[in-house]
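# Observations on the three-dimensional arrangement
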Amino acid sequence: MMKRVGSTVLTGLLVAALAACGPSGPTAEEQAQDTEWSWLQETKQTLDAKRQELAEMRQQVAAAAGEAAEEAEEGVEVAASAAAETVTALEAEAAELTEQFSSRLVAFLNADPMIEGEPPTERQVAALRMKSSEDMVLAREWIDKGGDYKRAIEIYQTALRFDPDNPELEAALAEAEALRFMTAERFAQAKKGMTEDEVRAVLGQVNLHNVRDFPDRKVLAWFFPTGEGGAAAAVWFRQEKGQNVVYKTNFEEVKPRTEDAG
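Notes on the structure in this doc start here. (Residues numbered from 1 in each chain as written. Predicted model: local features only at pLDDT ≥ 70, side-chain atom pairs only at ≥ 80, totals over all residues. Heavy atoms only, no water.)

Helix packing geometry: the angle between the two helix axes and the distance between the axes. At their nearest, the axes of helix α4 (residues 122-146) and helix α5 (residues 149-162) sit 8 Å apart, and the two run at 170° to each other. Judged by the angle between their axes, α4 and α5 are roughly antiparallel. The segment α4 lies against α5, with L128, D135, M136, L138, A139, R140, W142 and I143 engaging Y149, R151, A152, I155, Y156, A159 and F162. Class assignment of the residues belonging to the contact of α4 with α5 gives a composition of 12 nonpolar, no polar and 3 charged. (Axes fitted to C-alpha atoms, helices over the stretch in contact; angles between N-to-C directions. Helix = DSSP H or I, 4+ residues; strand = E, 2+ residues; numbered from the N terminus. Parallel < 35°, antiparallel > 145°, perpendicular 65-115°, else oblique. Contact = heavy atoms within 4.5 Å. Nonpolar A, V, L, I, M, F, W, Y, C, P; charged D, E, K, R; others polar.)

Mapped onto the elements of the fold, E36 is located in helix α2 (residues 28-71). For E36, a relative accessible area of 19% corresponds to the buried category. Ignoring any residue separated from it by four or fewer positions in sequence, one finds E36 in contact with R104 and F108. (Buried < 20%, exposed > 50% of the residue type's maximum accessible area, 1.4 Å probe, protein only.)

Right, let's talk about the packing of α4 against helix α6 (residues 167-179) for a bit. At their nearest, the axes of α4 and α6 sit 10 Å apart, and the two run at 15° to each other. Overall, the two elements α4 and α6 adopt an arrangement that is roughly parallel. Seen along the crossing, α4 lies across α6 with a hand that is left-handed. In this structure, α4 contributes S132, M136, R140 and I143 to the contact, and α6 contributes E168, L169, A172, E175 and A176. Taken together, the residues that form the contact of α4 with α6 break down as 5 nonpolar, 1 polar and 3 charged. (Left-handed = near helix turned anticlockwise from the far one by under 90°.)

The next subject is unusual backbone geometry. Here the phi dihedral of K218 falls at roughly 60°; this positive angle occurs in a residue that is not glycine. In this structure, K218 sits in the loop between β1 (211-214) and β2 (219-225). Backbone geometry places K241, a non-glycine residue, at a positive phi of 55°. Following the sequence through the fold, K241 ends up in the loop between β3 (232-240) and β4 (243-254).

Functional significance is not addressed by these values, which are geometric in nature.
What follows is the structure, encoded as structure tokens:
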């Protein structure tokens, strides 16, 4: 004689069966990816905040240095030196964190690469944009610190190959290409009596390879290429009251190279 199974028992068996067939929780690998993505997002915010703090401190150092040069007072010079030391410490912190962040971001992207022909996930797009943002920071440093627009343009172009629909990258590339060579209109903003910082503010950072010091004449020259042919404009400085000041500008200082006949 068959025994009738109670409804309570059947319900329990059904729940157990559904639980066994239902979706399992995230794998250890997925959990690790989630944890890493959270770290990347938080660290990116920390890094951007530190970079902003560093930019503000650099402005303070420039202002303090100018004040110290004008007043030549011991108290002012001490303050300027302390601010400079703070900038140096912040630069070291930012550089160390940038290296760690960039390394882990690249590893994260490589661990979950986009597959051609398949739409990328929201996280893949966000991670790629994060990488593009870092590339833009790097390119900007090549411009701001060394005046190397050519290297910056190469970085932008490489980034665009991986992130072709990024409008910020496109805009940054267009700006770098427009500023790579000096124009007469932009050069006209450099005036006699300007300091190096004032010239840098209107013309941009000079390429450090194009700075020439003439100690015998006690003057300094910044050369800005005006085209591919070797022509360059020049801003000439001489020392006044402890700082370099513009005394002459010439947009056609260096003539373009000419090919030898024959």
